[in-house]
Amino acid sequence: MIEPCYVPSEPDLSLNGSAQAALHERAAAATRERCGREVFVRAVVEVSNYCRENCAYCGMRRDNRTLARYRAKHEQLAELLLDHRPSSVTDVNIQAGEDPVAVREVVLPLIRTLQRETTLGISVCLGTLTPELYGELHAAGANIYIMKFEVSDAMRYEMLEAPGTLNERLKNIRHLAQTGWKVSSGFIGGLPGQTAGDLVNNLRLASELPLHGCSVSPFVPGEDTPLAGFTPSDANWTLNAMAALRLMRPDWVIPAVSALNLATDDGYRRGLHAGANLTTINLTPTELREDYVIYKRERFIMTEERVLNAIAAEGLAPSRRSLAEFYRQGETREAVAAVL
Ligand code: SF4
């Protein structure tokens, strides 16, 4: 039975031990009831690590002069995704630093190729762009936009040098939703000084936005960033926020982020047990991957084998239907319900 109107609370976000296990079990049950045992399997390609922004929590910030910058070639990624993608992949997420040049030169041609040659659902995570560029991406065939708000407090957002202002970021999220995109957002769990009350506020803001999904990423102090010297977050903080998110919105798509594995052993599996229903296989070419440094050069790369093992270990199964198809079917159901 889906729990009606779960309201996240500070005590829930601070749970550990058996009470925490019970919260995660409730989240897992809510996921199974609404989404069955299906877990979406999406590939990610990280096409450019150029970024005009300067987020204090990210190694790709423009002030990081230690990083070798790259833009992948559209042809290389197209060949990889057309001819060498794992059979479990139903969707691809094209991700980059905030780099409009890469959007024009790499992302748009890649989306057009994928749209023409495959049935893959296409998500993008490309930062704050112009309405015209969002329109071009959508017209090319992408339909899911990932735009995280990171923190719900405008002052903290500014202190973290996150893109623009919080208000502008939220306006972009609303604009995307109003112009036909399915939008997924996200926030960071365990930032220095963050309280359980701050996390509740993040969850509250997420619930007020026109979203179809949301992630929680554990704070991992990034190398060569202003936050490098801070203590990594307690993974329980992130996992409890994921469970609260699932109970609050049983219908959302919630990813298990690969950084969960940096935060704790078996973090990915624990994420799937706390309400996640989306996994990601990293297909960025190996020679580029080590320069896509959000946190550290030593990354925990989710291969197909690791993803499928985590799904199987939780008694779940990879979805045969793409995320894009899942959203389309939801729209059809809503349209039918509206005329009945
Ligand atoms: S989080 Fe995104 S926008 Fe911010 S510096 Fe990193 S890549 Fe750029």
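We now turn to the structure provided with this report. None of these values were measured; they are calculated from a predicted model.

**Quick word on the site of the ligand**
Within the structure, the ligand sits among Cys-51, Glu-53, Cys-55, Tyr-57, Cys-58, Met-60, Arg-61 and Gly-97. Here the shell around the ligand is built from residues that sort into five nonpolar, one polar and two charged.

**Observations regarding the packing of helix 3 (residues 74-83) against helix 4 (residues 100-117)**
In contact at an axis separation of 9 Å, helix 3 and helix 4 are set at 30° when each is read in the N-to-C sense. Considering the angle they form, helix 3 stands roughly parallel to helix 4. Two packed elements cross with a definite hand, and for helix 3 against helix 4 that hand is right-handed. Two secondary-structure elements touch here, helix 3 through His-74, Leu-77, Ala-78, Leu-81 and Leu-82 and helix 4 through Glu-105, Val-106, Pro-109, Leu-110, Thr-113, Leu-114 and Glu-117. Considered class by class, the residues forming the contact of helix 3 with helix 4 number eight nonpolar, two polar and two charged.

**Points about helix 4**
The end-to-end C-alpha distance of helix 4 is 24 Å, a good match for the 26 Å that 18 residues give at a rise of 1.5 Å each. Along its length, helix 4 reaches its greatest deviation from straightness, about 35°, at Val-107, and the proline Pro-109 lies no more than four positions downstream. Of all the positions in helix 4, only Ala-102, Val-103, Val-106, Val-107, Leu-108, Leu-110, Ile-111, Thr-113 and Leu-114 are classed as buried. Against the buried residues of helix 4 lie strand 1 (38-48), helix 3, strand 2 (91-96), strand 3 (121-125) and helix 5 (131-140).

Thresholds, definitions, all that
- Residue numbers restart at each chain and count upward from 1, following the sequence in its written direction.
- Thresholds applied to this predicted model are a pLDDT of at least 70 for local features of residues and 80 or more for the giving and counting of side-chain atom pairs; totals over whole chains, interfaces and linings are not thresholded and use all residues.
- Here the side-chain values reflect all heavy atoms present in the structure, with hydrogen atoms and water set aside.
- Distances are taken per atom, and a residue is near a molecule or strand as soon as one of its heavy atoms is within 4 Å of it.
- When residue character is reported, Ala, Val, Leu, Ile, Met, Phe, Trp, Tyr, Cys and Pro are called nonpolar, Asp, Glu, Lys and Arg charged, and the others, Gly included, polar.
- Helix axes use the C-alpha atoms of the stretch in contact, all axes being lines fitted to C-alpha atoms, and the angles between their N-to-C directions lie in the range 0 to 180 degrees.
- In this description a helix means any DSSP run of H or I spanning at least four residues, a strand means any run of E spanning at least two, and both kinds are numbered starting from the N terminus.
- Any angle between 65 and 115 degrees counts as roughly perpendicular, while under 35 counts as roughly parallel, over 145 as roughly antiparallel, and the rest as oblique.
- The sense of a crossing depends on the near helix, which, turned anticlockwise from the far helix by less than a right angle, makes the crossing left-handed and, turned clockwise, makes it right-handed.
- When checking whether two residues touch, look at their non-hydrogen atoms; a contact exists if any pair is within 4.5 Å.
- Helix span is expected to be 1.5 Å times the residue number reduced by one.
- To get the bend at any residue, fit one axis to the seven residues that end at it and another to the seven that begin at it, then take the angle between the two axes.
- Classification of residues uses two cut-offs on accessible area relative to the type maximum, computed with a 1.4 Å probe and protein chains only: under 20% is buried, over 50% is exposed, and between them is partly exposed.

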